[in-house]
Amino acid sequence: MEPIIVVKDIRKEFKVANRHEGLCGSIRDLFFREYKVVQAVNGVSMEILPGEIVGYLGPNGAGKSTTIKMMTGILEPTSGSITVNGIVPYKNRVKNAQNIGVVFGQRTQLRWALPAIESFKLLKDMYRISDKEYKENLELLNCILGKEELLQCTVRQMSLGQRILCDIMASFLHNPSIVFLDEPTIGLDVAMKARIREMIKVLNKEKNTTVILTTHDMGDVDALCQRAVIIDKGNVLYDDSIENLRRYFGAYRALRLNLFKDISKVTQEQLEKIKNDLEEEIAKKTFQRPSITVESKEKEVCILIDEDKISTMEIINCIQEKYRIYDLSINDISTENVIKKIYAGETNEEILSID
Ligand SMILES: Nc1ncnc2c1ncn2[C@@H]1O[C@H](COP(=O)(O)OP(=O)(O)O)[C@@H](O)[C@H]1O
Ligand SMILES: [Mg+2]
């Protein structure tokens, strides 16, 4: 299958003014403006196939929105090339707009003062959607949405979730082959997130629409995406199936142990001793001394285990050489926490702190 989107080594630099503080600083800025260059996207390449739902993930400021803006033609890349449906988006914005739908969770393309249905009619004219197509799409959307009244409300009256539902509907109205959704579930409650996911899923299935989705919510990814592209600081860190994600970054488990009776908190000294003892025991057995992450949680000792390197059973055996284990539990670490690990560099704290 031919890819519908081809992104080759795109970069985007922003020149931003360095502002100085205070009155003197402001006056200085008037005469001597200093600039610095922000590398928002730093050599991203990817190919996306028709009908895929791709999760485009990364921490805040990673460059996700900037990439989406380049793919939708809002911004021109500093270098590199993009084709969307065979079109260079920033050179043919109008033509590109016919093929794509866009939703930025933070903004709306609907008119605040008008009922949503009126905005839809405007879109119908703008995109020259035929009566038949328009009617069919409205029926499908209403079918998914379950109620028609929402479209009669003015956008101003809507909750954030309702507004985003309408925005997503609007983005699919002209049967685009690709829809870009930038943080569509941000700030929504669990029930509304579920409805939005359902809608995206059905629309993708019914129309084979390609969906590029940026989100912070791994629930969105688990519910919708087969594939994840993860970026950080403008670079692609990962581009593969969700299935491989955990294998790729190691199979992490958190082992929680109760090693001391009648204490309320494990002390720093105790922790360090355990870490040392454990590493020594492992070294004896494997002739390698890996660095093991050991943390405390109240009276429990938590050990982060990368099962690709050492098995949980081996760790337990090593601990038992020196300590009595009163109680233990083993938790798998979710995809979300694995991704947090990637974002966080190597701070394992966050991984351990979430069950
Ligand atoms: N118009 C702009 N001018 C200057 N810097 C920008 C602009 N847009 C984005 N940036 C910077 O580029 C980086 C990536 O931003 P963005 O693409 O919005 O990240 P994300 O969507 O992943 O949170 C950030 O450091 C951001 O501050
Ligand atoms: Mg963003």
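Residues numbered from 1 in each chain as written. Chains lettered and ligands numbered in written order. Predicted model: local features only at pLDDT ≥ 70, side-chain atom pairs only at ≥ 80, totals over all residues. Heavy atoms only, no water.

**Q** Where do I start with the packing of aromatic side chains in this structure?
**A** Aromatic ring pairs are defined here through the distance separating the ring centres and the angle between the ring planes. One pass over the full model with this rule turns up one aromatic pair. Geometrically, the ring pair formed by F260 and Y323 is edge-to-face, given 6.4 Å between the ring centres and 85° between the ring planes. Placement of the pair is F260 in the loop between β10 (252-258) and α10 (268-286) and Y323 in the loop between α11 (312-322) and β13 (327-332), with a sequence separation of 63 residues. The buried category is assigned to F260, whose relative accessible area is 18%. Directly above the aromatic system of Y35 lies the positively charged group of K15, at a separation of 4.7 Å from the ring centroid. Lying over the aromatic face of F104, R107 brings its terminal NZ or CZ to 5.0 Å of the ring centre. (Phe/Tyr/Trp six-rings, centres within 6.5 Å; stacked < 30°, edge-to-face > 60°. Helix = DSSP H or I, 4+ residues; strand = E, 2+ residues; numbered from the N terminus. Buried < 20%, exposed > 50% of the residue type's maximum accessible area, 1.4 Å probe, protein only. Lys NZ or Arg CZ within 6 Å of the ring centre and 35° of its normal.)

**Q** How should the confidence of the model for the chain be read in this particular structure?
**A** Fine structural detail should not be taken from predicted coordinates in areas where pLDDT scores are low. Mean pLDDT over the chain stands at 88; residues scoring 70 or higher make up 92%. Every residue in residues 346-355 scores below 50 in pLDDT, and together they form 24 contacts with partners more than four places removed in sequence or on other chains. (pLDDT = per-residue confidence, 0-100. Contact = heavy atoms within 4.5 Å.)

**Q** Which parts of the structure should I look at to understand the pattern of salt bridges?
**A** Note that side chains of opposite charge can pair when their charged atoms are close. Counted according to the given criterion, the structure contains 23 salt bridges. Put simply, R28 and E34 hold a salt bridge, and the shortest N to O gap is 3.4 Å. Among the ionic pairs, K132 bridges to E136, the shortest N-O distance being 3.2 Å. Of this pair, K132 and E136 both sit in helix α5 (residues 131-145), four residues apart, which is roughly one turn of the helix. Using a relative accessible area of 60% as the deciding quantity, one classes K132 as exposed. By relative accessible area, which is 43% here, E136 ends up partly exposed. Counted as one network, the salt bridges with shared partners bring together K273, D277, E281, K284 and K322. (Salt bridge = Lys/Arg side-chain N within 4 Å of Asp/Glu carboxyl O.)

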